[in-house]
Amino acid sequence: QVQLVQSGGGLVQTGGSLRLSCAASGRSVSNYPMAWFRQAPGKEREFVAASKWSRSSTQVADSVKGRFTISRDGAGNTVYLQMTSLKPEDTAVYYCAGRYTRSVVILTEPDEYDYWGQGTQVTVSS
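The sections below set out a description of the structure shown in this document. Everything numeric in this text was worked out from a predicted model, so none of it was measured. (Residues numbered from 1 in each chain as written. Predicted model: local features only at pLDDT ≥ 70, side-chain atom pairs only at ≥ 80, totals over all residues. Heavy atoms only, no water.)

Assigned secondary structure in the chain consists of zero helices and eleven strands. If you list the helices and strands of the chain from N to C, you get β-β-β-β-β-β-β-β-β-β-β. Relative to the compact-globule value of 14 Å for 126 residues, the chain shows a C-alpha radius of gyration of 13 Å, a close match. Based on the C-alpha atoms only, the size of the chain along its principal axes is roughly 40 × 30 × 25 Å. Across the 126 residues of the chain, 48% fall into the buried class. In the chain, 13 positive and 10 negative side-chain charges are present, and the distance between their average locations comes to 7 Å. (Helix = DSSP H or I, 4+ residues; strand = E, 2+ residues; numbered from the N terminus. Rg over C-alpha atoms; globule rule 2.2 N^0.38 Å. Buried < 20%, exposed > 50% of the residue type's maximum accessible area, 1.4 Å probe, protein only. Lys, Arg positive; Asp, Glu negative; His and termini not counted. Charge placed at Lys NZ, Arg CZ, Asp CG, Glu CD.)

A few words on the state of the cysteines. Per the stated rule, a full pass over the model turns up one disulfide. Here Cys22 is linked by a disulfide to Cys96, with a sulfur-sulfur distance of 2.1 Å. With the S-S bond torsion at 65°, the cross-link from Cys22 to Cys96 turns out right-handed. Placement of Cys22 in strand E3 (residues 18–25) and of Cys96 in strand E9 (residues 92–98) is noted, with a sequence separation of 74 residues between them. According to the relative accessible area criterion, Cys22 is buried, its value standing at 0%. Residue classification places Cys96 among the buried residues on the basis of a relative accessible area of 0%. (Disulfide = S-S within 2.5 Å.)

Spatial strand order, E1-E3-E8-E7: four strands in an open sheet with antiparallel pairing. Looking at which strands have only one partner, the edges of the open sheet turn out to be strand E1 (3–7) and strand E7 (68–72). Neighbour-to-neighbour, the strand axes of the sheet open up by a mean angle of 15°, direction not taken into account. Bridge analysis of E7 against strand E8 (residues 78–83) gives five bridges, and the strand direction is antiparallel. Considered in E8, the bridge of Arg72 is made with Val79. (Pairing = 2+ DSSP bridges. Axes fitted to C-alpha atoms, helices over the stretch in contact; angles between N-to-C directions.)

Before going further, it helps to examine the nonpolar core. Grouped burial of nonpolar side chains is what soluble globular proteins tend to show. In this structure, Leu4, Trp36, Val48, Phe68, Leu81, Met83 and Tyr94 are the most contacted members of the largest nonpolar core, which totals 36 residues. Those elements giving two or more residues to this core turn out to be E3, strand E4 (34–39), strand E5 (46–51), E7, E8, E9 and strand E11 (120–125). Once you skip the residues sitting within four places of it in the chain, Leu81 turns out to touch Leu18, Arg19, Leu20, Trp36, Val48, Ala49, Phe68, Thr69, Ile70 and Tyr94. (Core = buried A, V, L, I, M, F, W, Y, C linked by side-chain atoms within 4.5 Å. Contact = heavy atoms within 4.5 Å.)

Right, let's talk about the packing of aromatic side chains for a bit. Under the counting rule described, the total for this entry stands at five aromatic pairs. Ring centres 6.0 Å apart and planes at 75° place the aromatic pair Phe37 and Phe47 in the edge-to-face group. In this pair, Phe37 is assigned in strand E4 and Phe47 in strand E5, connecting sequence segments ten residues apart. For the pair Phe37 and Phe47, a shared accessibility class is recorded, and that class is buried. Using a relative accessible area of 0% as the deciding quantity, one classes Phe37 as buried. Cluster of aromatic residues (ring-pair linked, three or more members): Phe37, Phe47, Tyr95, Tyr113 and Trp116. In this structure, Arg45 packs its charged tip against the face of Trp116, placed 4.7 Å from the ring centre. (Phe/Tyr/Trp six-rings, centres within 6.5 Å; stacked < 30°, edge-to-face > 60°. Lys NZ or Arg CZ within 6 Å of the ring centre and 35° of its normal.)

Here is the structure:
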């Protein structure tokens, strides 16, 4: 079993930056898909960013392209979401997610992931 522990997040003004971290334990995730999703009140969970494995190509949602970046540490077991130029519409609970099996494509649907972090609130004030 893999456990994901998230850190970071908080309250920031419009235009500010935050970095979220997601540390995996229990098994190496360096060769497996990892992703970030977010969920705003009253809305469905939506894709933010993902990578297939450590040092692979990445993909971000159109709504955050050019502002958010997903990356992993050298060992590949901590995933980061660097968020810049934050907007009020980025306010949500952010979740990291992982998958037990490998993928040759980047996965962007929540039900394609097997385990989740506890979530962390990001609030962007106007």
